[in-house]
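Read off the chains here:
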Amino acid sequence: NYGFLQHNLTLYVSGVMAGWRCRKNITTWMKANKEWKKLCTPENIDKFSTVTSQDETTGALTSNVDPAVLFNNPAVAVELNLDEVLEFLVKQDGVDVNGYNFNSYSMLSRPHLSALALSAEAEEALQVLLSVEEIFWDPPVYDPDRFPSCDKLFKFACKYHL
């Protein structure tokens, strides 16, 4: 059962499976396994804050495909549009929405979660993040290496009056 998630995550990280397909498979698994929230623990949130790392000598990237990542890393939840997981992490587990604590499979750096949601055009994720009263976001200067398209981001940000 847990192997299904790991297999899908491995295919996604290796570029064989599209994000939308991975998300669909994960959410189907979540519907069949209603106890998924028990996988979210403060220890796991700390443990899985870094899912992608780079070897300083060779430059090779390494990704952690432990399925528990899916339920403990809000940046991965944003990347894969796992809005139910994101909402649980920020509203129930108290993940700091203002911290730069998590990286994702698509981003080695640790962006503000709102900036990640904007760059991924994850509207539902952004709505979840903006619904948290404690959120504060000082938009960074546009950096073309971190964000794909200034025009696209600008239009998206304007929609949410950011």
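Now for a look at the structure at hand. Source: prediction; values computed, not measured. (Residues numbered from 1 in each chain as written. Predicted model: local features only at pLDDT ≥ 70, side-chain atom pairs only at ≥ 80, totals over all residues. Heavy atoms only, no water.)

As a further point, take the packing of helix α5 (residues 83–91) against helix α7 (residues 123–130). Between α5 and α7, whose axes approach to 10 Å, the crossing angle comes to 15°. The angle between α5 and α7 falls in the class roughly parallel. Read as a crossing pair, α5 and α7 show a hand that is right-handed. For the pair α5 and α7, contact is made by Asp83, Leu86, Glu87, Val90 and Lys91 and by Glu124, Ala125, Val128 and Leu129, respectively. Residue composition of the contact of α5 with α7, grouped by class: 5 nonpolar, no polar and 4 charged. (Axes fitted to C-alpha atoms, helices over the stretch in contact; angles between N-to-C directions. Helix = DSSP H or I, 4+ residues; strand = E, 2+ residues; numbered from the N terminus. Parallel < 35°, antiparallel > 145°, perpendicular 65-115°, else oblique. Left-handed = near helix turned anticlockwise from the far one by under 90°. Contact = heavy atoms within 4.5 Å. Nonpolar A, V, L, I, M, F, W, Y, C, P; charged D, E, K, R; others polar.)

The next subject is the pattern of salt bridges. Applying the stated rule across the entire model yields 2 salt bridges. A salt bridge links Lys38 to Glu35; the shortest N-O distance between them is 2.6 Å. Its relative accessible area of 64% is what places Lys38 among the exposed residues. Lys91 serves as the salt-bridge partner of Glu87, at 3.5 Å between the closest nitrogen and oxygen. Of this pair, Glu87 and Lys91 are both found in helix α5, 4 residues apart, which corresponds to roughly one turn of the helix. (Salt bridge = Lys/Arg side-chain N within 4 Å of Asp/Glu carboxyl O. Buried < 20%, exposed > 50% of the residue type's maximum accessible area, 1.4 Å probe, protein only.)

Time to look at the packing of aromatic side chains. To describe a pair of aromatic rings, you give the distance between the ring centres and the angle between the ring planes. Throughout the structure, instances matching the rule amount to 4 aromatic pairs. Here the aromatic rings of Trp36 and Phe88 are separated by 5.8 Å at their centres, their planes lie at 70°, and the arrangement is edge-to-face. Taken as a pair, Trp36 in the loop between α2 (19–32) and α3 (42–47) and Phe88 in helix α5 lie far apart in primary sequence, 52 residues in all. Of the two residues, Trp36 and Phe88, both sit in the buried class. (Phe/Tyr/Trp six-rings, centres within 6.5 Å; stacked < 30°, edge-to-face > 60°.)

Keep in mind that these numbers describe shape and distance, not what the molecule does.
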